Amino acid sequence: MGEPFTAKGFGNWISAAAKEAGLPAGAAAHGLRKAAARRLAEAGASAHEIMAVTGHRTLKEVERYTRTAAMKGLATSAMARIGGPEPEQTMSNPDDELDKNGSK
């Protein structure tokens, strides 16, 4: 087996694989990890399940990435209690999740 990746080497490898997969320009490991966490949360995965997939070490880290998904579910649940319409489905901009500088 080869040597382990450096942080920069891993980021470069992910960026190249994302490009080859046809993902938007600038797709980076951080954004892909965030997208995975959000999608898992929207599918109803528990925080511990998300941590197992994404490698996060604390619940606080997972909460940061899944806050929007939780709010969507809570809004839908609240509106159902009064027989109101489901809130409009809003999704964060996928380009935000794929931000190559990792600031999103």
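Everything below is about the structure printed above this text.
Residues numbered from 1 in each chain as written. Predicted model: local features only at pLDDT ≥ 70, side-chain atom pairs only at ≥ 80, totals over all residues. Heavy atoms only, no water.

Among the secondary structure elements, His 30 is positioned in helix H2 (residues 29–42). With 19 residues separating them in the primary sequence, His 30 and Gly 11 have C-alpha atoms 8.6 Å apart. (Helix = DSSP H or I, 4+ residues; strand = E, 2+ residues; numbered from the N terminus.)

Let us look at the nonpolar core. One broad trend across soluble globular proteins is that nonpolar side chains are buried collectively. One finds Ala 37, Ala 41, Ala 45, Ile 50, Met 51, Val 62, Tyr 65 and Ala 69 forming the largest nonpolar core, which totals eight residues. For this core, the element with the highest residue contribution is helix H4 (residues 59–81), accounting for three residues. Filtering out sequence-adjacent residues up to four positions away, Ala 37 remains in contact with Ile 50, Thr 54, Tyr 65 and Thr 66. (Core = buried A, V, L, I, M, F, W, Y, C linked by side-chain atoms within 4.5 Å. Buried < 20%, exposed > 50% of the residue type's maximum accessible area, 1.4 Å probe, protein only. Contact = heavy atoms within 4.5 Å.)

Take a nonpolar patch on the surface next. On the surface, Phe 5, Phe 10 and Trp 13 cluster together into a nonpolar patch covering about 340 Å² of accessible area. For Trp 13, a relative accessible area of 47% corresponds to the partly exposed category. (Patch = residues over 30% accessible without salt bridge, like charges linked within 9 Å, V, L, I, M, F, W, Y side chains within 5 Å. Areas by Shrake-Rupley, 256 points an atom, 1.4 Å probe, with all protein chains shown as cover. Salt bridge = Lys/Arg side-chain N within 4 Å of Asp/Glu carboxyl O.)

Looking now at H2. Helix length check: H2, at 14 residues, gives a terminal C-alpha distance of 20 Å against a target of 20 Å (1.5 Å per residue), a fit within 8%. Within the sequence span of H2, burial applies to Gly 31, Lys 34, Ala 35, Ala 37, Arg 38 and Ala 41. Around the axis of H2, the buried residues are gathered within 160° of arc, so they sit on the same side. The positive-phi residue at the C-terminal boundary of H2 is Gly 44, with phi of around 95°. (Expected span 1.5 Å × (residues − 1). Arc of directions from axis to C-beta.)

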